[in-house]
Amino acid sequence: MDHREHMNSLNDTCNELKNQYDKCFNTWFSTKFLKGDTNDSMCASFYSVYQQCIKKAMKEHNIELHDAQINHLETDKEKMPQS
Amino acid sequence: MKVWMSEHIFNHPWETVVAAAWQKYPNPITPSVLGTDVIDRKVVDGKLKSLRLVSSQWGFPRWTKPLIGDANICYASETSEVDPAHRQMVLKTRNLTFYNYITVDETVRYTPHPKDDKKTLLTQEAVVKVHGVPLTHYMEDLLASKISFNASKGRQAIEWVISKIDREVQDLANSAAKTADELITTTRHQIDDITSKTMHTMDEIQSAAKKSFEEVHDLSSLPPTASMPKL
């Protein structure tokens, strides 16, 4: 069966950055986060370049998230102080 | 409004299932999901919170086009929270496309099975609301049946990902074992090499030492008359 190895990004130009970040994230999630290490700096550099790309792509595709959804993370952040 | 609920048990521990859940796409079972992008992600109070944008092909029937419009790619937002301390993962997905006519709110929860810690319980709930268009109930039924169909495919997809991860881990273990074997063999060769080189060098040193000792000995054994100029 013809099958992709990696999940695509919204925009093809972000695919490579997304794959690099995803690879790092999956390793971090299994080997660090699930074992109690909540420090997420491991993939921070991959995350930041990928975010720059995807935010630009979202603008180009005219994708806007509902306020409620954006606030989901923000309000939680405000409610719970960083440990 | 239409509510749809479902439960499923995975014969894998929670950690395995939630790791697979992040790697659910791409898979050959649900090719309609075209892309997933992380829009925001942070660890808050020990919990991982993520916001993802999911792009997919919904494949609406043609007759819905005049009612709600046409969209090749539909977008949905997925908010999720993973709490490793309480072994819980919750994902909430809501469509962004056709939002004015249709809302599909899906909640997926992964928790350890209450009676068997080595198994994982998946509970899934979807609330479908169609409004402002004719044939509301018919469309709701249609979407609910589609969700039901996709949910079973989604579970198969998780299983597929788990077996894929297992294969990769096995491959990694095999290659690690192979590397260890190679390393031992190489090291042994190197040790042999060093030993033979060392032995060779030792031989050389010994013979050189012997030679110079003999030379010194010869020198010292020469009669003084021969070595000392006569005054």
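Whatever comes next refers back to the structure up there.
Residues numbered from 1 in each chain as written. Chains lettered and ligands numbered in written order. Predicted model: local features only at pLDDT ≥ 70, side-chain atom pairs only at ≥ 80, totals over all residues. Heavy atoms only, no water.

So, the interface of chain A and chain B
Each partner contributes to the interface: chain A provides 40 residues, whereas chain B provides 43 residues. One can count zero salt bridges joining chain A with chain B. Seen at the junction of chain A and chain B, the total is seven residue pairs in polar contact (both at pLDDT 80 or more). Going through the elements one at a time, helix H1 (15-31), helix H2 (44-60) and helix H3 (67-79) of chain A are the ones with two or more residues in the side of chain A that touches chain B. Top contributing element to the side of chain A that touches chain B by residue count: H1(A), with seven residues. Partitioning the side of chain A that touches chain B into residue classes produces 17 nonpolar, 14 polar and nine charged. (Contact = heavy atoms within 4.5 Å. Salt bridge = Lys/Arg side-chain N within 4 Å of Asp/Glu carboxyl O. Polar contact = N/O pair within 3.5 Å; in protein donor to acceptor, adjacent residues only side chain to side chain. Helix = DSSP H or I, 4+ residues; strand = E, 2+ residues; numbered from the N terminus. Nonpolar A, V, L, I, M, F, W, Y, C, P; charged D, E, K, R; others polar.)

Digging into H1(A)
Over its 17 residues, H1(A) extends 24 Å from the first C-alpha to the last, a length consistent with the 24 Å expected when each residue adds 1.5 Å. Considered for burial, the residues of H1(A) that qualify are Asn15(A), Lys18(A), Asn19(A), Tyr21(A), Asp22(A), Cys24(A), Phe25(A), Asn26(A), Trp28(A) and Phe29(A). The inward-facing, buried residues of H1(A) contact H2 of chain A together with helix H1 (14-22), strand S2 (33-44), strand S3 (47-56) and strand S4 (74-83) of chain B. (Expected span 1.5 Å × (residues − 1). Buried < 20%, exposed > 50% of the residue type's maximum accessible area, 1.4 Å probe, protein only.)

Observations concerning the packing of aromatic side chains
How two aromatic rings sit relative to each other is set out by the distance from centre to centre and by the angle between their planes. Per the counting criterion, the structure on display carries nine aromatic pairs over all chains. Measuring from centroid to centroid gives 5.4 Å for Tyr21(A) and Tyr47(A), while their planes differ by 55°, and the two rings are tilted. Of this pair, Tyr21(A) sits in helix H1 while Tyr47(A) sits in helix H2, and the two are 26 residues apart along the sequence. Given the relative accessible area of 3%, Tyr21(A) is considered buried. Owing to a relative accessible area of 19%, Tyr47(A) belongs among the buried residues under this scheme. Arranged with centres 5.8 Å apart and planes meeting at 25°, the rings of Phe29(A) and Phe33(A) form a pair that is stacked. Each member of the pair, Phe29(A) as well as Phe33(A), is classed as buried. Through pairs of rings, three or more aromatic residues link up here, namely Tyr21(A), Phe25(A), Trp28(A), Phe29(A), Phe33(A), Tyr47(A), Tyr50(A) and Trp22(B). Against the face of Phe25(A) rests Arg41(B), its NZ or CZ located 3.6 Å from the ring centre. (Phe/Tyr/Trp six-rings, centres within 6.5 Å; stacked < 30°, edge-to-face > 60°. Lys NZ or Arg CZ within 6 Å of the ring centre and 35° of its normal.)

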